[in-house]
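Architecture at a glance
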Amino acid sequence: MTIPTPSPLGVAVIGYAFMGKAHSNAWRNVASFFDVPAFEQKVLVGRDATQVAEAAAKYGWAESATDWRSVIERDDIHIVDICAPGWMHAEIATAALEAGKHVLVEKPLANTLGEAESMVAAAASARTRGVQSMIGFNYRRVPALALARELIAEGRLGTVRHIRAAYLQDWLTDAESPMTWRLRKETAGSGALGDIASHAIDQILYLLDDAVTEVSGRLQTFVDQRPGAEGLEDVTVDDAAWVNLSLVSGAIASVEASRVATGQKNSLRLEIYGSLGSLTFDLENLNELKFMDTTMPVREQGFRRILVNEPEHPYLGAWWPQGHIIGWEHTFTHQIRDFLTAIAAGEAPSPSFEEGLNVQHILAAVEESAAAKGSLIQLNASV
Ligand code: SOE
């Protein structure tokens, strides 16, 4: 069902820290580069009135507010973009969808399967009223990874047999690094697993257009306590995760995620091995994709570096003349562009909350497997 798109669309972002800043930057820039429906940056919402007012002024929002409930009731707000921590996603997203607002929510979808399922039900019901929803797996919008998906879909790799994925960071290497909401199960749901393995798992599903049938995993917390406001506090999530996946297509994938991988800053690496070729990618060089093509003469074979920076490449026609590279923040701009375009077309954007729930099922299976010392967990999967 399509409903007429109000013009301009009024936007509210909830959360003004790291992700709130990344999304605000995208809202601020998207219309300068892409043809998108008219919208206005109406309100930035956060708990601390002074800080959110400062952030709103800096990031181009007309006003700030501290009460998200009153914001989602406003008639001049049509889009709610949720950048608050995971424990708040379900309540805000459900209320916003029920109030008829299009919703974009940061990953992972929620902290628990139950919350994620309630969000999917709210999204499905809202969709019948023309109200759209999307989860923010922003790395789907890296041009090199969008190109990788196209090459795989065109059969350039032949049959994909196995994938190695790793998402490695080191910001928790120092045992004295303080407690944050990201290290408490009740606020973050899980650690490296939900925070960054979720991205790697989503990429595997996105690149292969596939689904997971079997999961085994292991989780490890290396630093059990960290300094909090009132002394040492227990860390209740994992520092690192190791996952093996079987896919409907027959492919096998391994995923490593760590926030204590000393020296690795923000390295999402993917290696995809097929019967006719292979692709490799590292987020720390996000404008590059390496392609090994066995259909080339043997004496010329080898990993070829594609600088994914031509107007022909996904998203790049909108940016700079060829060769002028883009960065991490552009993935959020592409995400907003795709979200707005789908809203204007009355189409359901991807990744949907259902796709977010699929990832959540895999995360829950990893936790179940890890609790049972790596035993194999079966999932009901279909592509
Ligand atoms: C922090 O570990 C974090 O910001 C994640 O939450 C993001 O999703 C990822 O893109 C970068 O790392």
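Scroll up to find the structure.
Let me begin by describing the structure that accompanies this report.

Thresholds, definitions, all that
Residues numbered from 1 in each chain as written. Predicted model: local features only at pLDDT ≥ 70, side-chain atom pairs only at ≥ 80, totals over all residues. Helix = DSSP H or I, 4+ residues; strand = E, 2+ residues; numbered from the N terminus. Buried ≥ 20, exposed ≤ 12 C-beta atoms within 10 Å, placed from the backbone. Near = placed C-beta within 6 Å. Nonpolar A, V, L, I, M, F, W, Y, C, P; charged D, E, K, R; others polar. Contact = placed C-beta atoms within 7 Å. Right-handed = clockwise from strand over helix to strand, strands pointing away. Pairing = 2+ DSSP bridges. Axes fitted to C-alpha atoms, helices over the stretch in contact; angles between N-to-C directions.

Here the focus is unusual backbone geometry. Note that the residue after Ser7, namely Pro8, is joined by a cis bond; omega there is -5 degrees. In this structure, Pro108 follows Lys107 across a cis peptide bond, with omega equal to -15 degrees. For Asp209, which is not glycine, the phi dihedral falls at a positive 50 degrees. Along the chain, the position of Asp209 falls in the loop between α8 (192-208) and β8 (212-220). The exposure class assigned to Asp209 is exposed, which follows from the 12 C-beta atoms found within 10 Å. Phi at Tyr315 is positive, roughly 70 degrees, even though this residue is not glycine.

Attention now moves to the site of the ligand. Around the ligand, the neighbouring residues are Phe18, Gln169, Asp195, Ile196 and Asn266. A breakdown of the residues in the shell around the ligand according to their chemical character gives two nonpolar, two polar and one charged.

Among the secondary structure elements, Asn111 is positioned in the loop between β5 (102-106) and α5 (113-127). The class of Asn111 is buried, set by 23 C-beta atoms lying within 10 Å. Remark: the alpha-carbon pair of Asn111 and Ala188, spanning 77 residues in sequence, is separated by 6.4 Å. Look past the residues within four positions of Asn111 in its chain and what remains in contact with it is Gly86, Trp87 and Gly189.

Side chains Ser133 and Ile135 of strand β6 (residues 133-136) all project onto a buried face; the interleaved residues Met134 and Gly136 project onto the opposite face, where all are buried too. Following the chain from β5 across α5 to the adjacent parallel β6, one finds a crossover that is right-handed.

For the rest of this paragraph, the subject is the environment of Glu367. The residue Glu367 is located in helix α10 (residues 353-371) in this model. For the pair Glu367 and Gly217, spaced 150 residues apart in sequence, the C-alpha separation works out to 7.2 Å. In this structure, Glu367 is in contact with Ser190 and Leu219, ignoring residues within four places of it in sequence.

Time to look at the sheet that holds β8. If you trace the nine strands from one edge of the open sheet to the other, you get β16-β15-β14-β13-β7-β12-β11-β8-β17, paired in mixed fashion. Looking at strand neighbours, the two that pair on one side only are β16 (304-307) and β17 (377-378), the edges of this open sheet. Pairing of β8 with strand β11 (residues 240-247) involves eight bridges; the strand directions are antiparallel. Note that in β11 the partner of Gly217 across the bridge is Val243. Sheet contacts for helix α6 (residues 143-153): β7 (160-168), β13 (267-274), β14 (277-282) and β15 (288-293); angle to β14, the most-contacted strand, approximately 165 degrees.

Before going further, it helps to spend a moment on α6. Where α6 is concerned, the buried positions are Pro143, Ala144, Leu145, Ala146, Leu147, Ala148 and Ile152. Tucked into the core, α6 has its buried residues touching β7, α8, β13, β14 and β15. Two residues or fewer past α6, Gly155 is found with a positive phi of approximately 85 degrees.

A few words on the sheet that holds strand β2 (residues 39-45). Hydrogen bonds between backbone groups are what pair the strands of a sheet, and the pairing can be parallel or antiparallel. Here we have six strands laid out as an open sheet, ordered β3-β2-β1-β4-β5-β6, and parallel in their pairing. Each end of this open sheet is capped by a strand with a single partner; those strands are β3 (63-65) and β6. If you compare each strand with its neighbour and ignore which way they point, the axes differ by 20 degrees on average. Bridge count for β2 against β3 is three bridges, and the pairing is parallel. Bridge assignment links Leu44 to a residue of β3, and that residue is Ser64. Across the face of the sheet, helix α2 (residues 49-59) comes into contact with β2 and β3 while running at roughly 160 degrees to β2. Helix α4 (residues 89-98) rests against β1 (9-14), β4 (79-82), β5 and β6 of the sheet, and its axis sits at about 170 degrees to β5.

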